[in-house]
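As a plain string of letters, each chain reads:
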Amino acid sequence: MNLDRQKISKNDRIALPWIVGVMIGLFGFLPPAYPDDDIPGYQQLKAEVVPVEQLFQKVQKEFEGIILELELEEENLRWIYEVKLLTPQGNVLKIDYDAKTMAVLMVKGQRDPSP
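Cut-offs used in this document
Residues numbered from 1 in each chain as written. Predicted model: local features only at pLDDT ≥ 70, side-chain atom pairs only at ≥ 80, totals over all residues. Heavy atoms only, no water. Helix = DSSP H or I, 4+ residues; strand = E, 2+ residues; numbered from the N terminus. Buried < 20%, exposed > 50% of the residue type's maximum accessible area, 1.4 Å probe, protein only. Contact = heavy atoms within 4.5 Å. Pairing = 2+ DSSP bridges. Axes fitted to C-alpha atoms, helices over the stretch in contact; angles between N-to-C directions. Salt bridge = Lys/Arg side-chain N within 4 Å of Asp/Glu carboxyl O.

### Focus: the overall build of the protein chain
Step number 1: Counting secondary structure elements, the protein chain contains three helices and four strands.
Step number 2: From first element to last, N terminus to C terminus, the protein chain shows the α and β order α-α-α-β-β-β-β.
Step number 3: For the protein chain, the residues scored as buried account for 17% of the 115 residues in total.
Step number 4: Excluding contacts between residues fewer than 6 apart, the proportion of contacts in the protein chain whose partners are at least 24 apart in sequence is 31%.

### What about the pairing of strand 2 (residues 78–86)?
Step number 1: In this sheet, strand 2 lies alongside strand 1 (residues 66–75) in antiparallel orientation, the contact comprising nine bridges. When the sheet's bridge partners are listed, Ile66 is paired in strand 2 with Leu86.
Step number 2: Turn length for the strand 1-strand 2 hairpin, with the two strands adjacent in sequence and antiparallel, is two residues, and the turn residue Asn76 shows positive phi of about 50 degrees.
Step number 3: Here seven bridges tie strand 2 to strand 3 (residues 92–98), and the two strands are oriented antiparallel to one another. Its bridge partner lying in strand 3, Leu86 is registered against Val92.
Step number 4: Where strand 2 folds back onto strand 3 in an antiparallel hairpin, the turn is made up of five residues, including Gly90, whose phi is positive at roughly 95 degrees.

### Digging into the sheet that holds strand 1
Pairing between sheet strands relies on hydrogen bonds along the backbone, with the strands arranged either parallel or antiparallel.
Step number 1: With antiparallel pairing, the four strands of this open sheet are ordered in space as 1-2-3-4. Either end of the sheet is taken by a strand with one partner, and the two such strands are strand 1 and strand 4 (104–108). Mean inter-strand twist for the sheet, computed between neighbouring axes without regard to direction, equals 15 degrees.

### Considerations on the pattern of salt bridges
Between side chains of opposite charge, pairing is possible as soon as their charged atoms come close.
Step number 1: Using the criterion set out here, one finds four salt bridges in the structure.
Step number 2: A salt bridge links Glu69 to Lys84; the shortest N-O distance between them is 3.9 Å. Of this pair, Glu69 sits in strand 1 while Lys84 sits in strand 2, and the two are 15 residues apart along the sequence.
Step number 3: The closest approach of N and O atoms between Asp96 and Lys94, which form a salt bridge, is 3.6 Å.

Structure below.
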């Protein structure tokens with residue numbers, strides 16, 4: 001019985017690299033998820049978007065809570081920061097900021113009552 005386990009183990013050692021090689025061969029020919037033309041260059045993005053550190057400061061100044069998620073998305077040729085914030089009362093706010101001007105575009109969700 002010990003010999004059978006060694007044989008299986010030996011077969012596994014042969015099959016695994018073969019399977020991995022086939023997978024790499026198949027998926028290596030797929031185009032990248034984002035063509036190079038769709039990814040903005042560093043200098044271009046730097047000119048169009050306020051740094052995240054400034055966004056954090058603004059969010060903390062305007063809202064009380066913990067930032068759960070932050071996304072930078074391009075919508076209609078405009079960069080938008082989408083922030084999800086957990087308030088002290090347990091509410092989740094979705095706040096959209098213009099990534100260039102830092103203007104609040106939308107606040108979605110229930111705000112905590114003022115003390």
